[in-house]
Amino acid sequence: MEEVRDWAAERLDEIVDDLAVLVDTETPSTDSVLLADGRAVLTGWVLESWTDAAASTLPGPVLQVDTPGSLPGTVVLLGHIDTVFDAGTVARRPFSVTDGIARGPGVFDMKAGLVQGVSAVAALDALGIPRPTVRLIVNEDEEVGTVASRDAMVAAATGCTAVLVLEPGAEAGTVKTARKGVGLWQVAATGVAAHAGLDPEAGSSAVHALAALTCHLVGLADPAAGTTVNVGVLAGGTRANVVAEHARLEIDVRARTASEAERVGSALAAWAPPDPRVRLHVTGGWNRPPWQASATWLVDRARAVTASLGVPFDAREVGGGSDGNILAAAGLPVLDGLGASGGGAHAEHEYVVLDDLPVRIALLAGLVAGSPPAR
Ligand SMILES: [Zn+2]
């Protein structure tokens, strides 16, 4: 895939221009008007860049763009166009390049990944390298849990040969081969208010109940098994001398295995407050299931391609979930973290290393062009 790397290196200025357009087209997860504009810009650009491409918008909404290939099978390039940055961020902090470092809202997570994926396929076709059919699948609610787009995304990927996830990478030769599952719960407690001095027995504290639940939850963590529990919000009560009527918790749980996910989820469901007068209202659950391992053939191919490009290979397991978790749980071979090299996802200092783009594009091209083992 050296020829793809060289192709991309020669066109780096144009590729960076494409990235600038996508970054400066704002797409906050919560703004459906801006998201529709962003989808239109992305669709137009992909249709221009790919051979015989056809686009459709599925419920969710999910953008699907197919370009037919000469090899058997269909490889999915999976991404999201939404970002965690509110409308107006681009006006304050537009796309910029300084000393080979690109910045701007969503540049790393994951507009550079989208640019790499589309460029990789364009490079294969420009160089006449045979490939299977490629299906780009892009949703608009990944940063808010992939609720509306989940079913259409899974349906669009079902039956495909492999899923290459364009989420941010790390260094030039790094891929992600496992991600923890992510469980998100909210607990609202309602107790009985009373005067803390005159009439304490008449009251039942929602704050005390959720403090007890917090201790219980913290005890469910098992760092050796990769299970973490974070009570990120614990709020409630009104005054020191009032038995609290209301309190609430927000919980983030990460688990590496389905059995650990099940253990924590059922322990939370089974818990009851020491004082039965406190009522709990529990919402949430496992937002993304644990993804334990990439298909071996995908990891082997990534290793071979990075070796041919002369960059060190590194397969990582990470705590953050992605839509790769969802498609792996649907039985598809997934390799993740194939987006840009850089850092600072979701933060103001988010950045992309432009010199690594050609290598990352070549890695994607090698994964797209490589066929799966015969079954
Ligand atoms: Zn992302």
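Rules and cut-offs
Residues numbered from 1 in each chain as written. Predicted model: local features only at pLDDT ≥ 70, side-chain atom pairs only at ≥ 80, totals over all residues. Heavy atoms only, no water. 1 Å grid on protein atoms, 1.4 Å probe; cavity = no way out; pocket = protein on both sides within 12 Å on 5 of 7 lines; lining within 4 Å. Points joined across faces, edges and corners; volume = space filled by probe spheres on them. Nonpolar A, V, L, I, M, F, W, Y, C, P; charged D, E, K, R; others polar. Donors = N, O, S within 2.8 Å, 3.2 Å for Na, K, Ca; no water. Tetrahedral: all angles 85-135°; square planar, octahedral: opposite > 155°, others 65-115°. Helix = DSSP H or I, 4+ residues; strand = E, 2+ residues; numbered from the N terminus. Buried < 20%, exposed > 50% of the residue type's maximum accessible area, 1.4 Å probe, protein only. Domains from an automatic or database assignment. Contact = heavy atoms within 4.5 Å. Buried area = accessible area lost by both parts, 1.4 Å probe. Pairing = 2+ DSSP bridges. Axes fitted to C-alpha atoms, helices over the stretch in contact; angles between N-to-C directions. Parallel < 35°, antiparallel > 145°, perpendicular 65-115°, else oblique. Left-handed = near helix turned anticlockwise from the far one by under 90°. Salt bridge = Lys/Arg side-chain N within 4 Å of Asp/Glu carboxyl O. Phe/Tyr/Trp six-rings, centres within 6.5 Å; stacked < 30°, edge-to-face > 60°. Lys NZ or Arg CZ within 6 Å of the ring centre and 35° of its normal.

### Some remarks on the layout of surface pockets
Argument step 1. Each pocket or cavity is described by its volume, and for the largest pocket that value is around 410 Å³.
Argument step 2. Asp109, Glu142, Glu143, Gly321 and His346 are the residues nearest the centre of the largest pocket, which is lined by 24 residues in total.
Argument step 3. Its residues assigned to classes, the lining of the largest pocket shows 6 nonpolar, 10 polar and 8 charged.

### Brief notes about the coordination of the zinc ion
Argument step 1. With distances of 1.9 to 2.7 Å, the protein atoms coordinating the zinc ion are His80 (NE2), Asp109 (OD), Glu167 (OE) and Glu167 (OE).
Argument step 2. Given 4 donor atoms and angles of 52 to 146 degrees at the metal, the environment of the zinc ion is assigned as irregular.
Argument step 3. Read from N- to C-terminus, the donor residues coordinating the zinc ion fall into the pattern H-x28-D-x57-E. One end of the pair, Asp109, is in helix H5 (residues 107–126); the other, Glu167, is in the loop between strand S7 (162–165) and strand S8 (174–179), and 58 residues separate them in sequence. Residue Asp109 shares its accessibility class with Glu167, and that shared class is buried.

### Side note on the environment of Pro94
Argument step 1. Mapping Pro94 onto the fold places it in the loop between helix H4 (89–92) and strand S4 (96–98).
Argument step 2. Each C-alpha atom, one on Pro94 and one on Gly60, is 28 Å from the other, the two residues being 34 residues apart in sequence.

### Some details on the domain arrangement of the protein chain
Argument step 1. What the domain assignment reports for the protein chain is domain 1 (2–180 + 291–369) and domain 2 (181–288).
Argument step 2. A separation of 38 Å is found between the C-alpha centroids of domain 1 and domain 2.
Argument step 3. Counting from both sides, the interface comprises 15 residues of domain 1 and, opposite them, 11 residues of domain 2.
Argument step 4. Taken together, both faces of the contact between domain 1 and domain 2 bury some 880 Å²; the carbon and sulfur share is 44%.

### Digging into empty space enclosed by the protein
Argument step 1. A complete count under the given rule lists 2 cavities of 30 Å³ or more for this structure.
Argument step 2. Put simply, the largest cavity is a space of about 40 Å³.
Argument step 3. Lining the largest cavity we find Val23, Thr25, Glu26, Thr27, Thr83, Phe85, Asp86, Val90, Pro105 and Lys111.
Argument step 4. When its volume is computed, the second largest cavity comes out at roughly 30 Å³.
Argument step 5. Contributing to the lining of the second largest cavity are Leu78, Gly79, His80, Met110, Val165, Glu167 and Asp323.
Argument step 6. For the lining of the second largest cavity, the element with the most residues is strand S3 (residues 71–80), which contributes 3 residues.

### A short note on the sheet that holds strand S6 (residues 132–139)
Argument step 1. If you walk across this open sheet you meet the 6 strands as S1-S2-S6-S3-S7-S16, and the pairing is mixed. The open sheet is flanked by strand S1 (54–58) and strand S16 (334–335), the only strands paired with a single partner.
Argument step 2. In this structure, S7 lies alongside S16, joined through 2 bridges in parallel fashion. Note on S16: the bridge partner recorded for Leu164 is Leu335.
Argument step 3. Lying over the sheet, helix H6 (residues 150–157) contacts S1, strand S2 (62–67), S3 and S6, oriented at roughly 175 degrees with respect to S6.
Argument step 4. Contacts from helix H11 (residues 357–369) reach S3, S6, S7 and S16 within the one sheet, and its direction differs from that of S3 by about 140 degrees.

### Focus: the packing of helix H1 (residues 2–10) against H11
Argument step 1. Direction vectors running N to C along H1 and H11 enclose 140 degrees, while the axes themselves pass 8 Å from each other. Overall, the two elements H1 and H11 adopt an arrangement that is oblique. Relative to H11, H1 is oriented so that their crossing is right-handed. Taking contact as the criterion, the partners of Val4, Arg5, Ala8 and Ala9 in H1 are, on H11, Pro358, Val359, Ile361, Ala362 and Ala365.
Argument step 2. When its residues are assigned to classes, the contact of H1 with H11 shows 8 nonpolar, no polar and 1 charged.

### Points about the pattern of salt bridges
As a working rule, side chains carrying opposite charge can pair if their charged atoms are close by.
Argument step 1. Per the stated rule, a full pass over the model turns up 17 salt bridges.
Argument step 2. We note a salt bridge from Glu348 to Arg93, for which the minimum N-O separation is 3.4 Å. With Glu348 in the loop between strand S17 (342–343) and strand S18 (351–353) and Arg93 in the loop between H4 and S4, this residue pair connects regions lying 255 residues apart in the sequence.
Argument step 3. A salt bridge links Arg303 to Asp300, with the shortest nitrogen-to-oxygen separation between them at 3.0 Å. A residue pair is termed a helical-turn pair when its members lie 3 or 4 positions apart in one helix, as Arg303 and Asp300 do in helix H9 (residues 296–309) at 3 residues.
Argument step 4. Under the relative-accessibility criterion, Arg303 is labelled partly exposed at 40%.

### Brief notes about the packing of aromatic side chains
Two measures describe an aromatic ring pair: the distance that separates the ring centres and the angle between the ring planes.
Argument step 1. Under the criterion given, the structure shown has 1 aromatic pair.
Argument step 2. Summarising the aromatic geometry, the rings of Trp185 and Trp286 are spaced 5.6 Å apart at their centres and angled 90 degrees between planes, so their arrangement reads as edge-to-face. In this pair, Trp185 is assigned in strand S9 (residues 181–190) and Trp286 in strand S14 (residues 279–288), connecting sequence segments 101 residues apart.
Argument step 3. Residue class for Trp286 comes out partly exposed when judged on its relative accessible area of 26%.
Argument step 4. One cation-aromatic arrangement involves Arg93 over Phe85; the distance from NZ or CZ to the ring centre is 5.2 Å.

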